[in-house]
Amino acid sequence: MVAPLTGGPDGAGSRDTGGRPRAVGPGAAAVGGTDRTRVRRLPDLAVHDRATLHAVLDAGRVAHLAVGDGDQPYALPVAYARDGDRVLMHGSTGSRLFRHLATGAPACLTVTLLDGLVLARSAFESSMNYRCAMVLGTLTALAGEEKLAALHRLSEHLLPGRWAEIRPPSAKELAATLVLALPLDECSVKVSAGPPDDPDDDLDRPVWAGVVPIVETYGIPQPDPRLRHDLPPPEW
C-alpha cells in the first residue's frame, strides 16, 4: 500500500494555499503544459512535476479509459501499469472498443485515488482529499517480445511476484489478448489534501470537522476450494 501524498514542496497542492505548500511550477520534466491539460478549476491544486505523476499512476491499479465511438462516448474500467513514460493495459481481441483504440482513436485515461473525506461545517465546504492523473493521447498495439514484456510488467504491478510462479500465457492466449500502450506525453495531475477550508464565521458552529482518511488494504487471502497443494498464501 502506498501512502498518500499530503502536500509539500515536492508538488502536492491543497485547497487552501494560504499557509500550506503550493504546486511547483513547470520545469524541464513538467506535465500539464498544454492548453488541453491546463487545470482551470482550482488551478492551485495542479501539480506539474513528473515524479508526482508517476507516483499517482504507480499507486493505482484501475483506470478509466474514455473513448468516443461515433456519437457515443464510453468509459472503460481497465487494469493498467506504468512502464517508464507510458501506461500499459490489456484486453480481449474480441473487444470492439479495444480494437477501436488500437486503430489510433483519441482517448483519455484517468486515475483517481481517494485519500479521505473532508468533513466541513457546511455542505458547501465539505469535500474529498484525492490524487488524480489524466492522460490524453492515442494508444499503440504491442506485438512479439514487447507484448510479452508488457504483460509481465502488468502482472508485476497488479500481482507482485506472481509471474515467476504461474504458468506463462500460451500462444493461443497471447493471440486472444490485445496489449495497448499510451505514452505520457500530454498529462495533468491534480492533488487535494488537508483539512476543511471553512470560513471564519462557521468556526463557532458545534459541528465536528476534520478528515476521515480512506486507505486501501489487502484482506485475508481466501484459498480456491480446488487447491490441491498445501501452500502458503502470498505475503503482500
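Residues numbered from 1 in each chain as written. Predicted model: local features only at pLDDT ≥ 70, side-chain atom pairs only at ≥ 80, totals over all residues. Heavy atoms only, no water.

(A) Representation of the overall build of the protein in the model. Broken down by element type, the protein carries four helices and 10 strands. Ordered by position from the N terminus, the helices and strands of the protein form the series β-α-β-β-β-α-β-β-β-α-α-β-β-β. Each of the 236 residues in the protein was classed as buried or not, and the buried ones make up 36%. Within the protein, residue pairs in contact and separated by at least 24 positions form 72% of the contacts whose partners lie at least 6 positions apart. Carbon and sulfur atoms provide 56% of the accessible area of the protein, an area that totals close to 13800 Å². (Helix = DSSP H or I, 4+ residues; strand = E, 2+ residues; numbered from the N terminus. Buried < 20%, exposed > 50% of the residue type's maximum accessible area, 1.4 Å probe, protein only. Contact = heavy atoms within 4.5 Å. Areas by Shrake-Rupley, 256 points an atom, 1.4 Å probe, with all protein chains shown as cover.)

(B) Summary view of the environment of E216. Along the polypeptide, E216 turns up in the segment after β10 (210-213). Between the C-alpha atom of E216 and that of L114, which follows or precedes it by 102 residues, the distance is 9.3 Å. Within the local environment of E216, its side chain forms a polar contact with the side chain of R61, the two groups lying 2.3 Å apart. (Polar contact = N/O pair within 3.5 Å; in protein donor to acceptor, adjacent residues only side chain to side chain.)

(C) Representation of the nonpolar core. Counting residues in hydrophobic clusters, the biggest one holds 32 residues, and the most contacted among them are L53, L57, L65, M89, L101, L109 and L139. Discounting residues that sit within four places of it in the chain, L65 has contacts with Y74, A75, L76, V78, M89, L101, A107, C108, L109 and L139. Formed by eight residues, the second largest nonpolar core is a distinct cluster that contains A81, L142, L154 and A181. (Core = buried A, V, L, I, M, F, W, Y, C linked by side-chain atoms within 4.5 Å.)

(D) Just the pairing of strand β2 (residues 62-69), in detail. Bridge count between β2 and strand β3 (residues 72-82): eight bridges; the pairing is antiparallel. Its bridge partner lying in β3, V67 is registered against Y74. Pairing geometry for β2 and strand β5 (residues 107-119), over four bridges, is antiparallel. Residue pairing across strands places L65 opposite L109, the latter belonging to β5. (Pairing = 2+ DSSP bridges.)

(E) Fine view of the confidence of the model for the protein. Across the protein, the average pLDDT comes to 87, with 88% of residues at or above 70. For the stretch residues 1-14, pLDDT sits under 50, and the model shows 44 contacts to residues farther than four places along the chain or on other chains. In this model, residues 16-28 is a region of pLDDT below 50 whose contacts with residues beyond four sequence positions or in other chains number 26 contacts. (pLDDT = per-residue confidence, 0-100.)

(F) Layout of a nonpolar patch on the surface. Taken together, the side chains of L114, L117, L119, M128, W208, V212 and I214 present a nonpolar region at the surface, about 580 Å² in accessible area. Among the elements that take part in the nonpolar patch, β5 stands out by supplying three residues, more than any other. Looking at the secondary structure, you find L114 in strand β5. Taking the relative accessible area as the measure of exposure, L114 reaches 36% and is therefore partly exposed. (Patch = residues over 30% accessible without salt bridge, like charges linked within 9 Å, V, L, I, M, F, W, Y side chains within 5 Å. Salt bridge = Lys/Arg side-chain N within 4 Å of Asp/Glu carboxyl O.)

(G) Molecular detail of the pattern of salt bridges. Scanning the entire structure with this criterion turns up 12 salt bridges. With a closest N to O distance of 3.1 Å, R86 and D83 form a salt bridge. The partly exposed category is assigned to D83, whose relative accessible area is 27%. Each of D83, R86 and E146 takes part in one network of salt bridges that share partners.

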